[in-house]
Structure formats: structure tokens, C-alpha cells
Amino acid sequence: MIGFTLTEEQLALQKTARDFADKYMRPYARELDRMPSPHFDWKIIDRFAAHGMLSFFIPKEYGGLGLDAVSCAIVCEELAAACDGMQGVISGSMLVADCLKVGGTEEQKRKYLTLLSDKKGKVGAVGITEPNAGSDMQSISTRAIRDGDSYVITGTKHYITNAGVADIYLILATIDPARKYAALDFFIVPGDSPGLSLGKVEDKFGQRASQNGDVILDNVRVPADNLLGRPGTGFLVAMQAMDLKRPLMAICGVGIARAAYEMALEYSKKRIQFGRPIFHNQAVAFALADMATQIDAARFMTWRACHLIDQGLEFTREASMAKIVASECAAEVSSKAMHLMGAVGYSRDLPIEKYFRDAKALSVIEGGNEIQRSIVAEQL
Ligand SMILES: Cc1cc2nc3c(=O)[nH]c(=O)nc-3n(C[C@H](O)[C@H](O)[C@H](O)COP(=O)(O)OP(=O)(O)OC[C@H]3O[C@@H](n4cnc5c(N)ncnc54)[C@H](O)[C@@H]3O)c2cc1C
């Protein structure tokens, strides 16, 4: 049986998330977007935490709301429609939670998932990317060397969401560069560890309400117990966690596209040219029809991937497909919306150009769309 309507519970959740986004995100989105450098606002994060927005994806037994994947997608769409930059902060923590869920020991889950559920506003960061290792994880050179009961980690992580503000980092490092993927492990590194520092903060095109930067690890010592799960599983954990996270990245594309489309639709019905609303030109109406169609397609593909996750079924291909379609939908729809709104769309008075800037990141992060196409192609 396939259902495309939301249950009463899901509708209530959607309303709660939408009300939260209207009250606590939308009013601040413009200000944060305009800061001279990407800016992380702790006041907003504390509100996120107080309303469960930093923990809805964490199982109940570790202090979270324990929402299933479809419900998480419903929440994320609303948050991304308000400001995908702020949603990016949550996204960083979500990936930490997914790595812990996939690969952590029971003790690690209890300690760190509980930490991320703290009502005081704790965030996490996953450090995979390096200056010379983006799509290609086997080039990772951050090194972890065993020293008695500890590991000592040295290297630089690049473009990390929540860099410099995270309470915990999951750092992917190699214990033996010659063994490539097989020697990769995640290490749980507390944010206040001696030797861990923030390097360059990226001056991003969009997503300016979250901070990305270099995380520098200079002989950072962590207990051997901070190796996530079993030795040698880092690559697998990264792949499985990103698979799980991918539909929630996709739904952010749906949220951005929806926000841009709704603004363009409303404008097209009010803007009078040649004596009638521009919507009454077939070229404009068809463009909006295409946008609505693309958004529905992206949303349903994303919900399908989430549904498969919730059913415990194989979902990798569907998650990658959803990420391709939804991220490209976000960039195309926000660009079309900008065009339909003429000079007003090109102005910074309205957030249309922000939607476009925020959208462009989605086809690159957590596995570029070429990598997603490789995943799909492998299964054809
Ligand atoms: C907003 C934002 C947030 C991010 N947050 C994090 C984070 O929290 N943690 C983290 O570790 N990283 C993070 N990243 C980094 C991100 O994961 C990388 O940008 C991504 O993995 C791609 O790596 P790269 O930028 O080095 O591109 P490259 O790997 O250099 O790729 C450049 C281009 O070539 C394409 N390409 C690469 N290899 C192939 C191939 N084999 N076949 C076809 N095409 C290919 C890519 O798809 C891409 O279009 C973030 C990036 C952004 C923009």
C-alpha cells in the first residue's frame, strides 16, 4: 500500500515546524545572511535546542524526539524553506548522529547522542573533507597514531560545518596511509581538546547562517576508546551515515525550491503588465507549472527514500536519486523564480537571490551529484 497523504500526526508536526520556522528563523534569516562573514548565532541555537530542533533525529532512549525518517523530512523541509543556512547547523549535528547510530558502541551512543540532545544547545561536526581529499576519501592524510591508551591525531580538515563551534567532532583519520580505505577510522574529539583549533573560516556564496572552516588538529590526544565502533570501519560508517543523511539533504532542496516558487507564484498574480497579471501569460504560467511539478517530483522521491529507510529496506539508490533531483530542483527553481520576478527578483530586497545561493551548495555537499550518479549507475 502506498500513501501520499500525511497522517494527522504528521500534519501536526509539519505545523509545529512551520510555526517554529516562522517565529524563530525567518525573522533572522536576512540579518544572518548579510553578516560580513558567515555567522553562527548561539541565541538562535539555544532556541533550536529548547524546541527539540537539535534532537528530533535522535532516538528517544538518548534524549531525542526519535522521529522516523519521513517525519524528519517533514520537519527539515519547513526549516530549509525558512533558512537553509540555519538548517545547515542542524545538518552538521545530524551527520554526527548518523555516524554514531551506524557505527558507535552502545557506550558511545549513550554518551554522545545524549550530549547532542542537551537542551542547552550542543552541536556536532563531522570532519571528512581535507584540502586534498574531497570526493576521494582514500586521499585522506589526517593521521592517527596509537600511543599507549591514546591516539594522537594530526591533520587539517576543510570546509567543515560547525567548525570552531562544535562541542564534538567526528574526525576521519588514517592509521596507516598505505592501507587506504581499510585504515580509515572516525575518532570522537571533544571541541575543547588541546591542539584542536579553528583555521580559515570560509566566505561562502550562500548558507551564510552556518559556519564552515578548517579544523586544525595538532597532536590532539584522545583516549583509545574514542575510536568510533570497531577499528577499520571508518569508511563504511561514513558511507552508511551519508546514505542515511542524503534524503534529509534532498528535502532541504525541496524546502528552498518551495519557498522560491511560492514567492514567484504570488508575485506573478500581483504584478500587472500589459493590463493583466503576468501569470496570465502562458509562458509564465507554464514556467510556474514546471516548477510545481519539479518540486512535487523531488518531494515524492525523497519521501520514498525516507519510507524505505523506515521500513528497513534497501534505500541507497533511491536516496542518491532523490538527492540528485532535489538539489538540482532547488537550483533550477530558485533561478527560474528569480527570472520570473524580473528586476525585483534580482534585487537583494527579497530573499530570492538568497534561495539561489543557498541552493547551489546542495549539489556539492555530502557527495557531489556526479558521485551520486556513480552510485545510481553502479546499481543499474
Ligand atoms: C556548505 C558546505 C558544507 C560542507 N560541510 C562539510 C562537513 O560538515 N564535513 C565535511 O567533511 N565536508 C563538508 N563539506 C565539503 C564537501 O563534502 C565537499 O565539498 C564534497 O565532498 C566535494 O569535495 P570537493 O569540494 O573537494 O570537490 P572535488 O572532490 O574536488 O570535486 C569537484 C567536482 O568534481 C566532481 N568529481 C569529483 N570526482 C569525480 C568523479 N570520480 N567523477 C565525476 N565527477 C567527479 C565533483 O562532483 C565536483 O563537481 C561541505 C561543503 C559545503 C559547500
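Everything numeric in this text was worked out from a predicted model, so none of it was measured.

Caption draft 1: Structural context of the environment of Phe20. Residue placement: Phe20 occurs in helix α1 (residues 8-33). Phe20 sits 62 residues away from Ala82 along the chain, and the two C-alpha atoms are 9.6 Å apart.

Caption draft 2: Local environment of the pairing of strand β1 (residues 124-127). By the alternation rule, side chains of β1 split into Gly124 and Val126 and Ala125 and Gly127, which are all buried. In this structure, β1 lies alongside strand β4 (residues 168-174), joined through four bridges in parallel fashion. Within β4, the position partnered with Val126 by the bridge is Leu170.

Caption draft 3: Spotlight on the packing of aromatic side chains. The tally for this structure, following the rule as stated, stands at eight aromatic pairs. Considering the side-chain rings of Tyr181 and Phe235, the 4.2 Å spacing of their centres and the 35° angle between planes classify their relative orientation as tilted. On the criterion of sequence distance, the pair formed by Tyr181 in the loop between β4 and β5 (184-190) and Phe235 in helix α6 (residues 234-270) is long-range, its members being 54 residues apart. The class for Tyr181 is partly exposed, based on a relative accessible area of 33%. Accessibility expressed as a relative area gives 24% for Phe235, which makes it partly exposed. Centroid distance Phe205 to Phe356: 6.5 Å. Interplanar angle 85°. Geometry classified as edge-to-face. Within this pair, whereas Phe205 is found in the loop between β6 (196-201) and β7 (212-223), its partner Phe356 is found in helix α10 (residues 352-360), the two being separated by 151 residues in sequence.

Caption draft 4: Inspection of the pairing of strand β2 (residues 143-147) at higher detail. Pairing geometry for β2 and strand β3 (residues 150-161), over five bridges, is antiparallel. Counterpart to Arg146 in the pairing with β3 is Tyr151. Between β2 and β3, which pair antiparallel and follow one another directly, the connecting turn spans two residues, one of which, Gly148, has a positive phi of 65°.

Reading the values: the criteria
Residues numbered from 1 in each chain as written. Predicted model: local features only at pLDDT ≥ 70, side-chain atom pairs only at ≥ 80, totals over all residues. Heavy atoms only, no water. Helix = DSSP H or I, 4+ residues; strand = E, 2+ residues; numbered from the N terminus. Buried < 20%, exposed > 50% of the residue type's maximum accessible area, 1.4 Å probe, protein only. Pairing = 2+ DSSP bridges. Phe/Tyr/Trp six-rings, centres within 6.5 Å; stacked < 30°, edge-to-face > 60°.

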